[in-house]
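# Examining the three-dimensional arrangement
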Amino acid sequence: MFLRHPRLGVYACAALAAGGLILSLAGGATSVASAAEAAAPEAPAPAPEARSVWDGVYSAAQAARGKKAYDTECARCHGDALLGGEDSPPLVDQEFLKGWYGKNVGRLVDQTRRTMPSDGPGRLSRQLCTDVVAYLLNANGFPAGKADLVNDATAQKQITIEAKK
Ligand code: HEC
């Protein structure tokens, strides 16, 4: 009967809700702590995936796509064999690599996208630049793996360009 009373009904619900909130806050705190303790041994926080260009970070099919794009967009300056020409530098071997050791693949993709082709930069998609960089890695002797180099700046920044140990 008192629940039918509109005002009492509201108060009763508010009191029940407030009581429930306090209970669930108190209960929540302990259950979060115990869940963390229980989960800790099985699920340690995953370390960020740091890799190098020696870990097979692109696929052969992607390098083939990248070569096509290179032939269309880059070869007229950097040469069919990536050896450079006139004022365009080579994109293979030590002359190229020495400037990139210790840097990451994401930076190479982003710099290419921002500055190339030098006579009209900014119109190539990041995906295309990612594929071309897969081809550059291939041409520089870094091994292909099973999966594509994903067009994701954060993931690409985890991949270091390293000299062979
Ligand atoms: C019109 C000529 C031209 C075209 C086309 C061109 N480049 Fe370049 N590229 C240059 C020149 C000139 C430089 C050196 C000056 C500079 O870095 O801006 C250069 C530098 C570079 C560098 C830096 C080299 C280093 O030693 O660090 C990369 C990487 C590069 N180009 C990649 C590409 C890729 C990939 C393409 C195709 C998408 C491309 N370029 C298209 C002229 C060109």
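First, a word on scope: everything that follows refers to the structure included in this document. Keep in mind it's a predicted model, so treat the numbers as computed, not measured.

## Section: helix α5 (residues 105-115)
When α5 is considered as a whole, its buried residues turn out to be Val105, Leu108, Val109, Thr112 and Arg113. Taken around the axis of α5, the buried residues stretch over an arc of 125°, which confines them to a single face. Opposite the buried face of α5, by more than 90 degrees, sit the exposed residues Arg114 and Thr115. Tucked into the core, α5 has its buried residues touching α6 (126-139), α7 (153-157) and β2 (159-160).

## A closer look at the site of the ligand
Among the 19 residues in the neighbourhood of the ligand, the closest are listed as Cys74, Cys77, Met116, Pro117 and Ser118. At the level of secondary structure, the elements contributing two or more residues to the shell around the ligand comprise α3 (75-78) and α5. The element contributing the most residues to the shell around the ligand is α3, with 3 residues. Taken together, the residues of the shell around the ligand break down into 9 nonpolar, 6 polar and 4 charged.

## Considerations on α6
Given a rise of 1.5 Å per residue, 14 residues ought to cover 20 Å, and the 20 Å separating the end C-alpha atoms of α6 matches this to within 8%. Counting buried positions along α6 gives 10 out of 14 residues, so the element sits mostly inside the fold. By the burial criterion, the buried members of α6 are Leu128, Cys129, Thr130, Asp131, Val132, Val133, Ala134, Tyr135, Leu136 and Leu137. Lining the buried residues of α6 we find α2 (60-73) and α5.

## Examining unusual backbone geometry
In this structure, Pro117 follows Met116 across a cis peptide bond, with omega equal to -15°. Take Pro117: it is sitting in the loop between α5 and α6. Of note in this structure, Leu82 is not a glycine but carries a positive phi near 65°. Within the fold, Leu82 resides in the loop between α3 and α4 (93-97).

What counts as what
Residues numbered from 1 in each chain as written. Predicted model: local features only at pLDDT ≥ 70, side-chain atom pairs only at ≥ 80, totals over all residues. Buried ≥ 20, exposed ≤ 12 C-beta atoms within 10 Å, placed from the backbone. Helix = DSSP H or I, 4+ residues; strand = E, 2+ residues; numbered from the N terminus. Arc of directions from axis to C-beta. Contact = placed C-beta atoms within 7 Å. Near = placed C-beta within 6 Å. Nonpolar A, V, L, I, M, F, W, Y, C, P; charged D, E, K, R; others polar. Expected span 1.5 Å × (residues − 1).

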